[in-house]
Amino acid sequence: MSDTQTMIENRPPSVATLFTERVDATPDAEAFRYPLPATTGEGSSAGPFAGPSAGPSEWASLSWRETADRVYAIAAGLVALGVGPEDRVAVLSTTRIEWILADLGVMCAGGATTTVYPSTNAEETAYILADSGSRVLVAEDATQLAKALAHRTDLPELQHVVVIDADGVAADDDFVLTLDDLEERGRAHQKAHPSAVKERIDAITATQLATLIYTSGTTGRPKGVRLPHDNWSYMAKAIAATGLITRDDVQYLWLPLAHVFGKVLTSGQIEVGHVTAVDGRIDKIVENLPVVQPTYMAAVPRIFEKVYNGVAAKARAGGPAKYKIFQWAAGVAREYAKVTQDNFRRTGTASAPLGLSAKHKLADTLVYGKLREAFGGRLRAAVSGSAALSPEIGYFFAGAGVHVLEGYGLTESSAASFVNPGEAYRTGTVGKPLPGTEVRIAEDGEILLRGPGIMAGYHGLPEKTAEVLEADGWFHTGDIGELSNDGYLTITDRKKDLIKTSGGKYIAPTEVEIQFKAICPLVSNVVVIGAGRNYCSALIALDEAALLAWAAENGLEGKAYAQVVAAPATTELIQGYVDQLNAGLQRWQTVKKFRILPRDLDVEHGDLTPSLKLKRPAVEREFQGLIDEMYAGQNAK
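This text gives an overview of the structure that appears in the document. (Residues numbered from 1 in each chain as written. Predicted model: local features only at pLDDT ≥ 70, side-chain atom pairs only at ≥ 80, totals over all residues. Heavy atoms only, no water.)

1. What to know about the sheet that holds strand β27 (residues 591-596)
Consideration 1: If you walk across this open sheet you meet the 3 strands as β25-β26-β27, and the pairing is mixed. Both edges of this open sheet fall to β25 (523-529) and β27, since each of them pairs with a single strand only. This sheet shows a mean twist of 25 degrees between the axes of neighbouring strands, independent of strand direction.
Consideration 2: Of the pairings in the sheet, the one linking strand β26 (residues 536-542) to β27 comprises 5 bridges and is parallel in character. By the bridge assignment, Ala538 is partnered in β27 with Phe594. (Pairing = 2+ DSSP bridges. Helix = DSSP H or I, 4+ residues; strand = E, 2+ residues; numbered from the N terminus. Axes fitted to C-alpha atoms, helices over the stretch in contact; angles between N-to-C directions.)

This is how it looks when you write it as structure tokens:
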């Protein structure tokens, strides 16, 4: 048996055990960094993290021992509130240090964390709390508390709400208390029952429920995915076994922890023991990167698309000469990445011809170096997941020295089923399965997975579970993909998203959409339509910042976004990019008509899930009038 197999098969029963082992092994090592509230002065007991450059936010740090002190106090506090094994405790908050502390506290108390996105409205929040049977809710602030209070009569099992930020919150010992109050109760409980938390941790079994994550869902009510402790314990060991992260790494964690992608990152950190800087404020990413100087981070494709479009827009704003240099450098980056990856695949060496290497060196001086500095200057690798990344954008970053390792997984598979293997990564694929995970491709192209990361089932929905989980453990992902001879997986589309035209041709809309994103630097989102029609069309949403930068140079300066979107010059510009797209497609895939949307697609309007996945049915319903326009008469050939 290999060392990797031994490590995975001898994994402990729970994340709580992993956590105690990490604390015992490196108690004084730094575990977390997090921004202090603006009102907090330098006298914080945590002590500010003095980064290499000053930023508007002060950062504090926690060692593993200090983390454990708070986690065990929260765990004991929950025990004192009556939380028992597998009792659900919901967390309704943005990504912040308290989210992680609360989650670990719940697990160390033997309970199970129910995750709720902070953007979830009051009605759906109440549905999740009721369906999960959550007994305690950890709410970020008064705004999130109000969602529970608005439906309190519909939540008979909810006994307590713990509020992180207490401003504007009226405490009520019987129902509402602050996180500080909970920790204080916990310390009192620890004093009276010194072994209470240890006994809870020791009693946890591998099959015991650890997390209940409600899939944001592109259609219908969200389903609760039951993930036992063994899922996370396995993920922690399997991620460590890949060798992609080390004790010396600094991770920048901003992804929503209510999503499985964000959640799995904490399991890997606990096993490896590196530092994680936590701040979920998306508007602070650009500001935080030079301060945190991460060595690795995870993101969704939309972030890389926005960075790419932002760099292109900035170059365009610098004048024709600067933009021409950027376009040349982008082309060199893509060519360099493709050549070096191909050579590595064939020979094991990421080499390039002398002439291309010389061009790449010049482009690095002019463009790539500045791009890497924007990421903090130390980024070894970035992991992209949750949706497909355009290969052309992936090749651009690869050639620029920002190595984007695409991965793949679902909530039902604990997030990380596949990841690209370090130096041997291949842009356009999601890499190889994690050690211990099996994969096979069904006759219809669907990807099937089996292994310790697969869920126990959907909460309270045995029929839905049976639809996707076979008796022998194979899970039907609903995604279509292809496996290379050496085990690299390429995702082609969602099974249910495949379009069949009235002419009988099957089209993968995602494939067309990501190609367009690579071609058009102004696009934010695009939805390809064509099911049951005799040609394809598209709804196109444009990035506001990039569009207004273009408008300022093309006689539309000072115009509002809506005015620029409606301008004939904008339609003409986008038509040029659509023509470029169509030139590389099969005839039946080509986009015959399009409409530019009056606004971008977003979570607030219900167009995207909180993890920024496209909700196709919702978008098509919202803009049905524009779709009808494009198919009036169905005359296009």
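Still more to cover.
2. Comments concerning a nonpolar patch on the surface
Consideration 1: Together, Ile325, Trp328, Leu362 and Leu366 make up a nonpolar patch on the protein surface, roughly 340 Å² of accessible area in all.
Consideration 2: The set of elements that each furnish at least two residues to the nonpolar patch consists of α13 (320-347) and α14 (354-374).
Consideration 3: Looking at where Ile325 falls in the secondary structure, it is placed in helix α13.
Consideration 4: When its relative accessible area of 38% is taken as the criterion, Ile325 is described as partly exposed. (Patch = residues over 30% accessible without salt bridge, like charges linked within 9 Å, V, L, I, M, F, W, Y side chains within 5 Å. Areas by Shrake-Rupley, 256 points an atom, 1.4 Å probe, with all protein chains shown as cover. Salt bridge = Lys/Arg side-chain N within 4 Å of Asp/Glu carboxyl O. Buried < 20%, exposed > 50% of the residue type's maximum accessible area, 1.4 Å probe, protein only.)

3. Focus on the nonpolar core
Consideration 1: In this structure, Phe19, Leu78, Cys108, Trp254, Phe326 and Phe397 are the most contacted members of the largest nonpolar core, which totals 136 residues.
Consideration 2: Setting aside residues no more than four positions away along its own chain, Cys108 makes contact with Ala16, Phe19, Val71, Tyr72, Ala75, Val197, Arg200 and Ile201.
Consideration 3: Counting 31 residues, the second largest nonpolar core, distinct from the first, contains Val528, Ala567, Ile574 and Leu585. (Core = buried A, V, L, I, M, F, W, Y, C linked by side-chain atoms within 4.5 Å. Contact = heavy atoms within 4.5 Å.)

4. Overview of helix α12 (residues 301-317)
Consideration 1: The end-to-end C-alpha distance of α12, which contains 17 residues, comes to 24 Å, matching closely the 24 Å that a straight helix rising 1.5 Å per residue would cover.
Consideration 2: Inspection of α12 places Pro301, Arg302, Ile303, Phe304, Glu305, Tyr308, Asn309, Ala312, Ala313, Ala315 and Arg316 among the buried residues, and these make up the whole buried set.
Consideration 3: At the exit of α12 stands Gly319, carrying a positive phi of roughly 110 degrees. (Expected span 1.5 Å × (residues − 1).)

5. A short note on the packing of aromatic side chains
Consideration 1: Here the structure, examined in full by the defined rule, presents 12 aromatic pairs.
Consideration 2: Geometrically, the ring pair formed by Tyr308 and Phe326 is tilted, given 6.1 Å between the ring centres and 45 degrees between the ring planes. With a gap of 18 residues between them, Tyr308 in helix α12 and Phe326 in helix α13 connect regions that are remote in the sequence.
Consideration 3: The class for Phe326 is buried, based on a relative accessible area of 5%.
Consideration 4: When the ring of Tyr408 is compared with that of Phe418, the centres are 6.1 Å apart and the planes differ by 55 degrees; the resulting orientation is tilted. In this pair, Tyr408 sits in strand β15 (residues 404-408) while Phe418 sits in strand β16 (residues 418-419), placing the two residues 10 residues apart along the sequence.
Consideration 5: Among the residues examined, Phe418 registers a relative accessible area of 1% and is labelled buried.
Consideration 6: Taken together, Phe304, Tyr308, Tyr323, Phe326, Phe375, Phe396 and Phe397 form an aromatic cluster joined through their ring pairs.
Consideration 7: Over the aromatic face of Trp232 sits the side chain of Lys263, whose NZ or CZ is 5.2 Å from the ring centroid.
Consideration 8: Above the ring of Trp474, the side-chain terminus of Arg440 is found at 4.7 Å from the ring centroid. (Phe/Tyr/Trp six-rings, centres within 6.5 Å; stacked < 30°, edge-to-face > 60°. Lys NZ or Arg CZ within 6 Å of the ring centre and 35° of its normal.)

6. Brief notes about the sheet that holds strand β5 (residues 112-116)
Consideration 1: If you trace the 8 strands from one edge of the open sheet to the other, you get β8-β7-β6-β4-β5-β9-β10-β20, paired in mixed fashion. The open sheet has two edge strands with one neighbour each: β8 (176-178) and β20 (457-458).
Consideration 2: In this sheet, β5 lies alongside strand β4 (residues 88-92) in parallel orientation, the contact comprising 5 bridges. By the bridge assignment for β5, Val91 is matched with Thr115.

7. Points about the packing of helix α17 (residues 509-519) against helix α20 (residues 568-583)
Axis angle and axis distance: for two packed helices, these are the angle between their axes and the distance between the axes, and together they describe the pair.
Consideration 1: Where α17 contacts α20, the axes come no closer than 10 Å and their chain directions differ by 125 degrees. With respect to their mutual orientation, α17 and α20 come out oblique. Along this stretch, α17 crosses α20, giving a crossing that reads as right-handed. Two secondary-structure elements touch here, α17 through Val512, Gln515, Phe516 and Ile519 and α20 through Ile574, Tyr577, Val578, Gln580 and Leu581.
Consideration 2: When its residues are assigned to classes, the contact of α17 with α20 shows 7 nonpolar, 2 polar and no charged. (Parallel < 35°, antiparallel > 145°, perpendicular 65-115°, else oblique. Left-handed = near helix turned anticlockwise from the far one by under 90°. Nonpolar A, V, L, I, M, F, W, Y, C, P; charged D, E, K, R; others polar.)

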